[in-house]
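Observations on the model geometry
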Amino acid sequence: MIVGKIFYKGEFIEAGIEVEDGRIKKIGKLVEGKRVKGVILPAGIDVHVHLRDFAEKRKETIETGTLSALHGGVCLVVDQPNTKPPVDNVKTYFQRMEKAKKSAYVDYSLNLALTNSNHEKLGDIIRKISEKYFIPAVGEIFIQHDSEDLQIDYETLRKVYGRFEGVVFTVHAEDPAYVAKGTPNFVFRRREAEVLAVEKLVEIGNFHFCHISTRDSAKEIMNSNSTYEVTPHHMLLSVNDYGRLGKLVNVNPPLREKEDVDWLLRNFHRVDVLASDHAPHTLEDKELGAPGFPGVETMYPLFVNMASKGYISFKSLVERVASNPARIFGFKGYGEIKTGNFANFAVFDLKNVKEVKGEELHSKCGWTPFEGFEAIFPEKVYLRGEEVLESCLKAGNILKNRA
Ligand code: DOR
Ligand code: ZN
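This text gives an overview of the structure that appears in the document. What you are looking at is a predicted structure, and each value in this text was computed from that prediction instead of being measured. (Residues numbered from 1 in each chain as written. Chains lettered and ligands numbered in written order. Predicted model: local features only at pLDDT ≥ 70, side-chain atom pairs only at ≥ 80, totals over all residues. Heavy atoms only, no water.)

A look at the site of ligand 1
- Taken together, 13 residues sit near ligand 1, with Arg 52, Asn 82, His 172, Asn 252 and Pro 291 positioned nearest.
- In the model, an oxygen atom of ligand 1 is placed 3.4 Å from a nitrogen or oxygen of the His 211 side chain.
- The side chain of Asp 277 places a nitrogen or oxygen atom 3.5 Å from a nitrogen atom of ligand 1.
- In isolation ligand 1 exposes 290 Å². Once the protein is present, 94% of that is buried.
- Of the residues in the shell around ligand 1, the class split is three nonpolar, seven polar and three charged. (Near = heavy atom within 4 Å. Polar contact = N/O pair within 3.5 Å; in protein donor to acceptor, adjacent residues only side chain to side chain. Areas by Shrake-Rupley, 256 points an atom, 1.4 Å probe, with all protein chains shown as cover. Nonpolar A, V, L, I, M, F, W, Y, C, P; charged D, E, K, R; others polar.)

Listed below in structure tokens is the structure:
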């Protein structure tokens, strides 16, 4: 089907890929096909996006959010349940998956919320959903949230965790004691909020930690059996960007001092997952202090540029953006270019370095915290063997039998 410079088993080889029924049938020097320019990498997986929709369509929809993912070389997203209304029950879960089936441009999957109010029914909810769909994780569990409906306390989490071994729990680890509600960024001891929550949580069990932003909590997690993700903004932006970002600056967890940012980037090869925490808000909402940055479209391109410049290795990048997320969340057939896997690739021409421009991105929110940054966007994206970037074919959701 295609021939070129393929990232295969940790290195680049010149070869062709044969595809049958959406899966890779053969990879080899003698396989013929259309030659593509640039490097052929596994398409990315973003395990942390907030695609809004429902009552927040003005910020983003599943349609616009997944179109943005597609243009960023991401073929599978994991949407988070803090929607309005939240995805904390079977009905809403099914409703959202049906919506995704009609409108998603890339493969779509959805985490289930775990809160103080639904924890007693969790077993029943998981059982009903998993008859039809693959649930990647229970999360994003909020140890602290402005809305009581989305929050869970440590003791309840401890009880629930013990009952569901084998289920991935993803946690937004910020301790309520150190986060003053309603003042997202400029509060007392906000850094300790993350460090303390991580310390308490690794005592409870093994979690996947969302958007870790301090070196202390990263080290704590690396000494445990938990895993963690870091966002591009916590590795590329810092408190030094406050002036440039102005009213756009709010995000949870907040941007950190250079010491943390530089440590995380230097230790990129020790992070488990690169995830965007794509959290689109309109400019009007940002003016009012809404926390969150869009990022699903810029994540892979910013880091392909960094790999191309030699700041990180392609091996390290591909592991964090594709193979590790597939392994941690159990997406079989995703994350690597290998025989039997889905033919999901992103092709990047390393000579085509561009400046990120918010107005050219596909998210409905229309802005980016990375305005003016260098990035290499994909020239082509293949989903189960189809070139989908040019044609923008719809892809649909993850049914039980796909993951
Ligand atoms: O800044 C954030 N915004 N962090 C989160 O964890 C949630 C997100 C949102 O949903 O807006
Ligand atoms: Zn989030």
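From this point on, the discussion continues.
Describing the sheet that holds strand 13 (residues 345-348)
- One open sheet accounts for seven strands, arranged 3-2-1-4-13-16-17; its pairing is mixed. Whereas interior strands pair on both sides, the edge strands pair on one side only; in this sheet they are strand 3 (23-28) and strand 17 (386-387).
- Looking at chain direction, strand 16 (residues 380-383) and strand 17 are connected through two bridges and run antiparallel. The residue bridging Tyr 382 from the neighbouring strand is Glu 387, located in strand 17.
- Each of strand 1 (2-8), strand 2 (11-20) and strand 4 (34-42) touches helix 12 (residues 314-329); the most contacted strand, strand 4, lies at about 70° to it. (Pairing = 2+ DSSP bridges. Helix = DSSP H or I, 4+ residues; strand = E, 2+ residues; numbered from the N terminus. Contact = heavy atoms within 4.5 Å. Axes fitted to C-alpha atoms, helices over the stretch in contact; angles between N-to-C directions.)

Regarding the packing of aromatic side chains
- Per the stated rule, a full pass over the model turns up 16 aromatic pairs.
- Here the aromatic rings of Tyr 93 and Tyr 133 are separated by 6.1 Å at their centres, their planes lie at 45°, and the arrangement is tilted. Of this pair, Tyr 93 sits in helix 2 (residues 90-103) while Tyr 133 is found in the loop between helix 3 (122-132) and strand 8 (138-142), placing the two residues 40 residues apart along the sequence. Both residues of the pair, Tyr 93 and Tyr 133, count as buried. (Phe/Tyr/Trp six-rings, centres within 6.5 Å; stacked < 30°, edge-to-face > 60°. Buried < 20%, exposed > 50% of the residue type's maximum accessible area, 1.4 Å probe, protein only.)

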